Amino acid sequence: MNFTVENDAHVFDQIDNNYTAHVNDINCHNYAPVELKQFAEMWKKALDKARKTRDYAPLARYMTDDFKYTWCLPGVDPTYFHKRLEANGKDEVVNTVHIDTMIGVEGWDYPWIETYIDPRKGVIFYMWKEVTPYRKKDGTLFENQAFAVTRLDYAGGYKVKVMEDLVDCEFHIALVDETIAAGFAPESLIQKQNEYYRQLAKDYNAFYRHLEELCSQAGNDKSMIPDLLDGYYSPYKNAVVKGVEPELETVDAYPVSETAVPADSKALVSNQLEREIEPSAVHLSEICTQPELSIQDAKAFGEHMTVRNHVGYYDFTHKLLEVTGLDARSFLSRMFVGPVAKAKIGQGKYTTMLNEDGQIIDDVIVFRIEEDKYWISTLYIEELIAWFNAHKTYEEVYYSEITGITFMYAVQGPASRAVLNGFLKESVTELKQFQICNNSIGEIPVKVARSGFTGELGYEIYCKPEDRELVKDALEREGQRYGITEITTDVIINSLPREKGYVLMSDIGGLNPMECGLGWSIDWTKNFIGKTALEKVNVQGAKKELLGFAVNDDSAVINAGAEVFVNNEYAGRVTVFTYGFSLKKNIGYAVVNVCTANIGDFAVIVSEGKRYEAVLRDRVFYDPKNDRIKERNIAELEKAALNPYASLRKNDSSAKRDHESVRNAVGYYDFTHKLLEVTGLDARSFLSKMFVGAVAKAKVNQAKYTTMLNESGQIIDDVIVFRMDEDKYWVSTLYIEKLIVWFDAHKNYEEVSYREITEDITMYAVQGPCARRLLNDIVKEPIDSLRNFFINDNTLAGAAVKIARSGFTGELGYEIYCNPRDADLVEKELKEKGKKYHAVKIATDVITTSLPREKGFVLMSDIGGCSPLECGLGWSIDWNKNFIGKAALQKEQMQGSRRELLGFVVEDDSAEITEGAEAKIGSKTVGKVTMFTYGFTIQKNIGFVLICKEDAKIGDKILINGIPAILTDRIWYDQNNSRIRS
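The following refers to the structure shown. All figures in this text were calculated on a predicted structure; none of them were measured in a lab. (Residues numbered from 1 in each chain as written. Predicted model: local features only at pLDDT ≥ 70, side-chain atom pairs only at ≥ 80, totals over all residues. Heavy atoms only, no water.)

1. Quick word on the side chain of Thr378
Here is step 1: Mapped onto the elements of the fold, Thr378 is located in strand E12 (residues 373–378).
Here is step 2: For Thr378, a relative accessible area of 1% translates into the label buried.
Here is step 3: Setting aside residues no more than four positions away along its own chain, Thr378 makes contact with His318, Lys319, Asp362, Val364 and Leu384. (Helix = DSSP H or I, 4+ residues; strand = E, 2+ residues; numbered from the N terminus. Buried < 20%, exposed > 50% of the residue type's maximum accessible area, 1.4 Å probe, protein only. Contact = heavy atoms within 4.5 Å.)

2. Points about the packing of aromatic side chains
Here is step 1: This model, assessed by the stated rule, comprises 24 aromatic pairs.
Here is step 2: Centroid distance Tyr579 to Phe581: 5.3 Å. Interplanar angle 70 degrees. Geometry classified as edge-to-face. Both residues of the pair, Tyr579 and Phe581, belong to the buried class.
Here is step 3: When the centroid spacing of 6.2 Å and the interplanar angle of 75 degrees are considered together, the rings of Phe722 and Tyr817 count as edge-to-face. With Phe722 in strand E28 (residues 715–725) and Tyr817 in strand E34 (residues 813–818), this pair connects stretches of sequence that are 95 residues apart. By the burial criterion, Phe722 is buried, and Tyr817 matches it.
Here is step 4: Chaining the aromatic ring pairs together yields one cluster made of Phe331, Phe336, Phe388 and Tyr399.
Here is step 5: Here Arg663 stacks its cationic end above the ring of Tyr973, 3.9 Å away from the centre of that ring. (Phe/Tyr/Trp six-rings, centres within 6.5 Å; stacked < 30°, edge-to-face > 60°. Lys NZ or Arg CZ within 6 Å of the ring centre and 35° of its normal.)

3. As for the environment of Lys349
Here is step 1: Mapped onto the elements of the fold, Lys349 is located in strand E10 (residues 348–354).
Here is step 2: What makes Lys349 partly exposed here is its relative accessible area of 21%.
Here is step 3: For Lys349 and Ile365, which are 16 residues apart along the polypeptide, the C-alpha to C-alpha distance reads 5.5 Å.
Here is step 4: Not counting residues within four places of it along the chain, the set of residues in contact with Lys349 comprises Pro339, Val340, Ala343, Val364, Ile365 and Val366.

4. Considerations on unusual backbone geometry
Here is step 1: In this structure, Asn567 takes a positive phi of about 55 degrees despite not being glycine.
Here is step 2: Within the secondary structure layout, Asn567 lies in the loop between strand E20 (563–566) and strand E21 (569–580).
Here is step 3: Classification of Asn567 as exposed rests on a relative accessible area of 71%.
Here is step 4: Even without being glycine, Asn977 reaches a positive phi, approximately 60 degrees.
Here is step 5: Assignment of secondary structure puts Asn977 in the segment after strand E41 (963–968).

5. Regarding the nonpolar core
Here is step 1: Counting residues in hydrophobic clusters, the biggest one holds 42 residues, and the most contacted among them are Phe367, Trp375, Tyr462 and Ile508.
Here is step 2: Secondary-structure elements contributing two or more residues to this core are helix H7 (298–309), E10, strand E11 (360–370), strand E14 (407–412), helix H13 (505–508), E21 and strand E22 (585–593).
Here is step 3: Per-element accounting of this core gives the leading share, 4 residues, to E11.
Here is step 4: Per-domain counts for this core show at least three residues from each of domain 3 (312–494) and domain 4 (503–617).
Here is step 5: If near-sequence neighbours (up to four positions away) are discounted, Ile508 is found in contact with Tyr350, Ile360, Asp363, Val503, Cys516, Leu518 and Leu546. (Core = buried A, V, L, I, M, F, W, Y, C linked by side-chain atoms within 4.5 Å. Domains from an automatic or database assignment.)

See the structure below:
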């Protein structure tokens, strides 16, 4: 094993003249950006762990055998480290640098600032701070902060071959001045360093400026070297002081010998600048990240299930490269492994691009738009263009990025086809998988592709950026009846595709197609880059395989890069880990050695020092036979996707059990609304302006149900406002983002602040006739005197909680608000003490369907866009104050409301009625349905309908999609509230 330890200061004399030469000397590797990104994160985590534990040996697995660390320590015997390296191996590089040369004070820290990668050259740059502790003579500590850049030369295979530290020389100049003033080191040695660092400072200033310029050319949003000359080169001015202000002349000293490192152990300045960042470098923030989803992520769960059962949409425009020319077809056929040359006009092909070693460097979809025009959809267009440039010869082929002039909405879920057919000029029913066609919305041209990344029926709409709002409005309008939701969480790259076994470049980068189950995509009848290497693999067999795994531990946290062991033998590494909401389990992928691990094996995964048991399996967890996107099943799934709030029927035994438990005994469920905390001297008056109700009259610990209106008097949210303290309120809502936007738009000079506290609170609803008795058994203070819409502090099994009397079922009900860390304790108490009351944990949608609907309670899907007067909420208006929308309401009060939200009853138990369905009397449309469900207590199909008062009234017979119904008052159950009276 050979090591290189260099100590030559003179290389910096020519640093300004050699930038180009250094870059040109480096071979192009074209590593997958996600592979570099993943390794960069793995190295950071490993190094952070090593610094905390003082155990640097594990870093050796990430180093090549000829690993080299370059630095410069003037005045130190250059053979000192070299001898130690020869004696102790490559681990000594890091041990020597980060332990042996420390000055004797605990508390060193190296916070990361930015990370940049250059995939073509295989270079990773870390920008970081060095927070250095010093002890004064009086024993107090203070910190200095220096700035540094570390460069890694990546060798592939998750190993690094060169590490070079480029350190803030101005900081070390100041440090040397300080050590001289303190008089604790031989002045000749210190003076020599002082002069040396002053010279290097000039060189590094030039280097940093050039690095900043290159990053700017690369198109990064912000400079790699923020505030380069403002602060970082004045470390003492920005010192973080602990105890007292530092006085430089009193810094305590530690003895330094002629052969030891003087002063600061991180005065490590590279003597060899071999590489610099390329203009094509990719900032990590531009790469699709994959934060883990957890079982506790309620918003992600809701969005996931919406896509699985109904329909969701999101704007996620991939990078698009348009390729044209007479040789476009043959050129692309050579660049990709798949049969792209066989694609017909209007057809797409999923395929991969390989390097000469047969390793995947990108996966894309290639659409053939016209005879000699193709679109390539990719996440890594810069690397794609660079690869094309490197391999284009004499072909007549041209390519240009069109991402900036094309916008894409993905529409995914069983109802996606029905939604698109509702507003597109041409039906998409006949569009096959991976086909793309021209279409229009009115006169607006669009392209529609049948494609997606969720495992459900899905489409992509391509339009001009200026038409994006028109497309979104159409989606929202036509998708209402299917419960369409805009997807804003990472389920689109985590739980949805991962359950289906779909891959990202972070999974397959550096593998060959056979190793990751993509052998089916290879067209062996043609030539392509990497074919020779693949043919060899095809004969010898793949050495690795990308498998799935499942972990039963819901609390597991497993990072990408975590090691997998089978039978105590290293088997591979994890590429992704997430929670599969449809599967109700933690899942992930791992690249394993086929000689060590196979499907069915029990494995142990080690992440951050914790061990998790897992079972290796095929990575397609969900719908392995693709039944959900087969034509024979689409219509049935589409029908089931209708009206998410009306899916209960009389024969649903699980829903009936939950419903009757709440009506006759007690049920509980964890369903935390979004919570906004509002504080400030003007909080009371501000909320009074924003809501129609008498929130200003609420006493401390009292709550008010109320609505929020726009200037036209239409409801844009309904909420409960709790007054928690004199100038502190909680607003409970399902639409906190819209609430905050509305608050921001109407906040003037009031002294009021608001912040979301949803993550700080977990809420359990306890509903039913036995709810009070159950709570009295588990809380410290009896709740018998707690009145409706009041909230009080209490204690439950030693944990601080708040108890509110409230609910959405029509029964006696309470809500328990606790710290999330106490949620398991609360649920345990409810389960154990609830046994004698036959308590049931509610697992179905009766909490938003049959229970509240029998009682006439409304959701925003019923009342959004209505006025309070139209939907029977006139009682909630405080006419004695000003509020947004009051003028419009006063006008409506004088003239009378034109519409009314009524109930209706359908005798036909088999009836299917969707949200948005028209209600008719004869041939005249008199209203639209807002919801439809089955009421288990009243044993009838019921619904709400917003009718025109001139055309219909209670008692009238109507037809809804040809189904007879009768208009009624919308409160069918306990109209006098007798069940919740004292």
